[in-house]
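Each chain is listed here by its residues.
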Amino acid sequence: NGEFHEIKVHVKRPGLNVRHRAGYLALADLSTDAPRRQRALIAAGNIPLLSTGLTLQAWVGPDTEESNSFLNEWQLEFTMDASEVSFSPNEKGEWTAMVDFLILVRDPEGRPLDSFTRTMRKVLSESSYQAIRKNGLQMSFKIPRASGPSRVRLVARDANTGLVGSIDIPVN
């Protein structure tokens with residue numbers, strides 16, 4: 001159903017401490033409908049736990065290509081494990097995939113400062129597809145720079161499988 005479900009564990013024996021996950025995100029029914037995909041993406045971004053269905057590595061820092069953007073924007077660079085993304089061949093023999101992204105910028109207390117979504121549609125030749133599977137799917141976004149310390153959460157959702165991955169990056 002696409003919602004976070006809290007797990008509660010009770011034991012009868014006194015003096016026992018039980019450690020367990022805080023909960024889980026139930027996968028919603030898959031849909032190619034953009035509003036439903038976006039709602040599922042936002043739900044994944046707002047749960048307290050990170051999602052591990054897609055592996056992400058990310059870095060946030062000043063944009064090194066444009067010196068005048070240093071004061072207003074950061075560069076979010078990341079790599080996804082392309083073997084976890086659902087690529088499928090089309091009628092031309094190219095490999096296609098679609099991944100939705102949510103970027104949330106929060107202050108140190110977790111209050112939202114900014115957010116935006118992007119959709120990536122990739123159409124790759126066989127050689128490009130093999131290179132991405134070997135080296136990872138590398139991407140970058142410009143994001144607004146917060147005035148103080150913040151935390152950036154990147155959420156990725158494969159539109160074909162519903163698999164979700166997320167990562168938090170502290171920014172000073």
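My aim in this report is to walk through the structure given alongside it, one point at a time. Remember, it's a predicted structure, so these values are computed and weren't measured experimentally.

## Quick look at the side chain of S150
1) Next: Among the secondary structure elements, S150 is positioned in strand β9 (residues 150-158).
2) Next: Residue classification places S150 among the buried residues on the basis of a relative accessible area of 9%.

## Looking at the packing of aromatic side chains
1) Next: All told, the structure shown has 5 aromatic pairs when counted by the stated rule.
2) Next: A centroid spacing of 4.2 Å and a plane angle of 10 degrees characterise the contact between W95 and Y129, whose relative ring orientation is stacked. Of this pair, W95 sits in strand β6 (residues 95-106) while Y129 is found in helix α2 (residues 126-135), placing the two residues 34 residues apart along the sequence. Each of the two residues, W95 as well as Y129, counts as buried.
3) Next: Ring pairs connect the aromatic residues F78, F101 and F141, which therefore count as one cluster.

## Focus: the sheet that holds strand β4 (residues 73-80)
1) Next: Taken together, the 3 strands give an open sheet; going across it, the order is β3-β4-β8, and neighbouring strands pair in antiparallel fashion. Both edges of this open sheet fall to β3 (56-62) and β8 (137-144), since each of them pairs with a single strand only. Strand-to-strand twist of the sheet, defined as the mean angle between neighbouring strand axes without regard to direction, takes the value 20 degrees.
2) Next: Bridge count for β3 against β4 is 7 bridges, and the pairing is antiparallel. Paired with G61 across the two strands is Q75, which belongs to β4.

Basis of the calculations
Residues numbered from 1 in each chain as written. Predicted model: local features only at pLDDT ≥ 70, side-chain atom pairs only at ≥ 80, totals over all residues. Heavy atoms only, no water. Helix = DSSP H or I, 4+ residues; strand = E, 2+ residues; numbered from the N terminus. Buried < 20%, exposed > 50% of the residue type's maximum accessible area, 1.4 Å probe, protein only. Phe/Tyr/Trp six-rings, centres within 6.5 Å; stacked < 30°, edge-to-face > 60°. Pairing = 2+ DSSP bridges. Axes fitted to C-alpha atoms, helices over the stretch in contact; angles between N-to-C directions.

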